[in-house]
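Below are the chains, spelled out letter by letter.
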Amino acid sequence: MRLRTLMLISVGTLALTGCGLRGDLQRPAPMWGDGEAVPMDPDQEAPEDPNAPMPINPS
């Protein structure tokens, strides 16, 4: 029973290691719109959500 379990774990692990992508990941084109992705400034903050809950102790 232990050998069977060990074999199943080994085969599962080897099968999952082949699922990863190698190299640089490329951003796909948008599914709708003009086909060009809009560049976003990483330093720009996201807009505030008016429906977000208020903190208990606002500072």
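You'll find the structure just up there.
The paragraphs below set out a description of the structure included in this document. These numbers were taken from a predicted model, which means no experiment stands behind them.

Analysis parameters
Residues numbered from 1 in each chain as written. Predicted model: local features only at pLDDT ≥ 70, side-chain atom pairs only at ≥ 80, totals over all residues. Heavy atoms only, no water. Helix = DSSP H or I, 4+ residues; strand = E, 2+ residues; numbered from the N terminus. Buried < 20%, exposed > 50% of the residue type's maximum accessible area, 1.4 Å probe, protein only. Areas by Shrake-Rupley, 256 points an atom, 1.4 Å probe, with all protein chains shown as cover. Polar contact = N/O pair within 3.5 Å; in protein donor to acceptor, adjacent residues only side chain to side chain. Expected span 1.5 Å × (residues − 1). Patch = residues over 30% accessible without salt bridge, like charges linked within 9 Å, V, L, I, M, F, W, Y side chains within 5 Å. Salt bridge = Lys/Arg side-chain N within 4 Å of Asp/Glu carboxyl O.

This part takes up the overall build of the chain. The number of helices and strands found in the chain is 1 helix and 0 strands. Across the 59 residues in the chain, those meeting the buried criterion constitute 0%. A total of about 6,800 Å² of accessible surface is found on the chain, and carbon and sulfur atoms cover 60% of it.

Considering the arrangement of structural elements, one finds Thr13 in helix 1 (residues 2-17). Only 2.8 Å separates the side chain of Thr13 from the backbone oxygen of Ile9, close enough to count as a polar contact.

Another point: helix 1. Between its first and last C-alpha atoms helix 1 spans 23 Å; for 16 residues at 1.5 Å apiece the expected length is 22 Å, and the two agree. Within helix 1, only 0 of the 16 residues are buried, which leaves the element largely exposed.

Together, Leu3, Leu6 and Met7 make up an exposed nonpolar region whose accessible area comes to about 330 Å². On the secondary structure map, Leu6 appears in helix 1.

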